[in-house]
Amino acid sequence: MSTAGKVIKCKAAVLWGPNKPFSIEEIEVAPPKAKEVRIKILATGICRTDDHVIKGLMVSKFPVIVGHEAAGIVESIGEGVTSVKPGDKVIPLFLAQCRECDICLNPEGNLCVKSDITGRGVLDDGTTRFSCKGKPVYHFFNTSTFTEYTVVNEFSVAKIDDAAPPEKVCLIGCGFSTGYGAAIKIAKVTSGSTCAVFGLGGVGLSVIMGCKSAGASRIIGIDLNKDKFAKAKAVGATDCISPKDSTKPICEVLSEMTGNTVGYSFEVIGRLDTMVDALASCHMNYGTSVVVGAPPSAKMLTYDPMLLFTGRTWKGCVFGGWKSRDDVPKIVNDFLAKKFDLDQLITHILPFKNIQEGFELLYSGKSIRTILTF
């Protein structure tokens, strides 16, 4: 493209500090260096994790461009890039896959050491490609998608089928894949089993879709907001309950409902108390509970070790256990083959300039996923 090798001036939503609103600014995006890819973003989803940076719950340098769930087109590539070329449709990956570290080489591993989950805010060479008003602007999760153009390392991008609609498959970059994989890849839900899903946001609904795909016979959705029950049932939940409706602990309610047969439970909120509730809710001996929601940083969890001693399994889950570069193109192909429906998760589509409105919808509980288009 004619912009290759040149600095691009474009619009981006910049966070100048924690607890401040987004500011739509003109930024400068430098050309990609060796082993880097510059992407024109076509669509990006609003995820609760982005809000963790705004609220100061996740470590980040400021000013920063957040956003990590997107789809776009490769505008230009740096020297040595072989896996994508200009014009390719791609999904940026907040979870890298270098294919060289010990985690990437382990068939069960997916949390590549090149992933920036500690808030370094720079690309692999230690520098940023963004600037605004003469100041450097930091990256987020190696992705930074709340901008018309971004630069990522080659190990943080996956080429996908050209036929994939960006305003839908952007969800495969985070929310959908995280929930769906938690059920089928991490928990390994079995046919005929009973599952309990705590938290019915976009990721929680994706867990339900994964449980249904795996053949679970009973899927119980749990949320304080009953407005979410209809959508949960539309994607596969067989029952929905609110913990407010009983004075008993939720684990007892679930045990009575199911005859004590919850084989799998999922915490998809990111709260310490519900993590323990979810663990206590699965079968004391053969149950598996998966922590899917990102926990608040610098918090410690207290629980009764007898919950584990009796035989339960407690598992963590990052990006649904998928190896990002290998698996994201396959998940997109499954979407194109109509193996699952992403429309159920998308409640709002807004122009990028209305990003603040999109976050207000998240706070109000009125949206599942809001997609911003460029």
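Residues numbered from 1 in each chain as written. Predicted model: local features only at pLDDT ≥ 70, side-chain atom pairs only at ≥ 80, totals over all residues. Heavy atoms only, no water.

Feature annotation in UniProt places "domain: Alcohol dehydrogenase-like N-terminal" (unreviewed entry) on residues 34–161, given in this structure's numbering. Between the C-alpha atoms that bound residues 34–161 there is a distance of 25 Å. The span itself is 9% helix and 28% strand. (UniProt positions renumbered as here; feature names shortened; annotations may be inferred. Helix = DSSP H or I, 4+ residues; strand = E, 2+ residues; numbered from the N terminus.)

Turning to the packing of aromatic side chains, a few remarks are in order. Here the structure, examined in full by the defined rule, presents 13 aromatic pairs. Plain terms: the ring middles of F22 and F359 are 4.9 Å apart, the flat faces sit at 45° to each other, and that makes the pair tilted. With F22 in the loop between β1 (8–14) and β2 (23–29) and F359 in helix α11 (residues 355–364), the pair connects residues that are 337 residues apart, well separated along the chain. Since its relative accessible area comes to 0%, F359 is described here as buried. Considering the side-chain rings of F140 and F141, the 4.3 Å spacing of their centres and the 15° angle between planes classify their relative orientation as stacked. In textbook terms, an aromatic cluster arises when at least three aromatic residues are bridged by ring pairs, as seen for F22, F146, F359 and Y363. (Phe/Tyr/Trp six-rings, centres within 6.5 Å; stacked < 30°, edge-to-face > 60°. Buried < 20%, exposed > 50% of the residue type's maximum accessible area, 1.4 Å probe, protein only.)

A few words on a nonpolar patch on the surface. Together, L111, I117 and V318 make up a nonpolar patch on the protein surface, roughly 210 Å² of accessible area in all. By the element assignment, I117 lies in the loop between α2 (102–105) and β6 (130–132). Taking the relative accessible area as the measure of exposure, I117 reaches 46% and is therefore partly exposed. (Patch = residues over 30% accessible without salt bridge, like charges linked within 9 Å, V, L, I, M, F, W, Y side chains within 5 Å. Areas by Shrake-Rupley, 256 points an atom, 1.4 Å probe, with all protein chains shown as cover. Salt bridge = Lys/Arg side-chain N within 4 Å of Asp/Glu carboxyl O.)

In this section: helix α7 (residues 250–258). Those residues of α7 not exposed but buried are I250, V253, L254 and T258. Each buried residue of α7 sits inside an arc of 110° when the element is viewed along its axis, so together they form one side. Buried residues belonging to α7 abut β10 (194–198), β11 (218–222), β12 (239–241), β13 (262–267) and α8 (272–281). Count one or two residues on from α7 and you reach G259, which has phi positive near 70°. (Arc of directions from axis to C-beta. Contact = heavy atoms within 4.5 Å.)

Now for the state of the cysteines. A full pass over the atoms with the stated rule returns 0 disulfides. With no disulfide of its own, C112 lies 3.6 Å from the sulfur of C98, the closest cysteine sulfur. With no disulfide of its own, C195 lies 3.7 Å from the sulfur of C211, the closest cysteine sulfur. With relative accessibility at 0%, the residue C195 sits in the buried group. (Disulfide = S-S within 2.5 Å.)

All right, on to the sheet that holds strand β14 (residues 288–291) then. One open sheet accounts for 6 strands, arranged β12-β11-β10-β13-β14-β15; its pairing is parallel. On the outer flanks of this sheet lie β12 and β15 (313–316), each paired with one strand and no other. Going across the sheet, the axis of each strand differs from the next one's by a mean of 20°, ignoring polarity. Packed on one face of the sheet, α7 meets β10, β11, β12 and β13 and runs near 155° to β11. (Pairing = 2+ DSSP bridges. Axes fitted to C-alpha atoms, helices over the stretch in contact; angles between N-to-C directions.)

Turning our eyes to something else, we now look at the environment of K299. Positionally, K299 belongs in the loop between β14 and α9 (306–309). Along the backbone, K299 and L272 are 27 residues apart, and their C-alpha atoms lie at a distance of 8.4 Å.

We now examine the packing of helix α4 (residues 175–187) against helix α5 (residues 202–213). Packing of α4 against α5 leaves a shortest axis separation of 7 Å and a crossing angle of 40°. Relative to α5, the element α4 is oriented oblique. In this structure, α4 crosses over α5, and the sense of that crossing is right-handed. Judged by residue contacts, G175, F176, T178, G179, Y180, A182, A183 and I184 of α4 engage V203, S206, V207, M209, G210, C211 and S213 from α5. By residue class, the composition of the contact of α4 with α5 is 9 nonpolar, 6 polar and no charged. (Parallel < 35°, antiparallel > 145°, perpendicular 65-115°, else oblique. Left-handed = near helix turned anticlockwise from the far one by under 90°. Nonpolar A, V, L, I, M, F, W, Y, C, P; charged D, E, K, R; others polar.)

It is worth spelling out the environment of P329 at this point. Within the secondary structure, P329 sits in helix α10 (residues 324–336). Since its relative accessible area comes to 19%, P329 is described here as buried. Non-local contacts of P329, meaning those with residues more than four positions away in its chain, are made with A158, K159, I160 and S324.

Before going further, it helps to spend a moment on α8. Those residues of α8 lying buried are T274, M275, V276, A278, L279 and S281. Looking at the buried residues of α8, the elements they touch are β10, α7, β13, β14, α9 and β15.

As a further point, take the sheet that holds β2. Pairing is antiparallel in the open sheet, where 4 strands are placed in the order β1-β2-β6-β7. Of all the strands in the sheet, just β1 and β7 (135–137) have a single pairing partner and so form its edges. In this sheet, adjacent strand axes meet at a mean angle of 45° when their direction is disregarded. Where β2 and β6 come together, 2 bridges link them in antiparallel fashion. Bridging across to β6, V29 finds its partner in F130.

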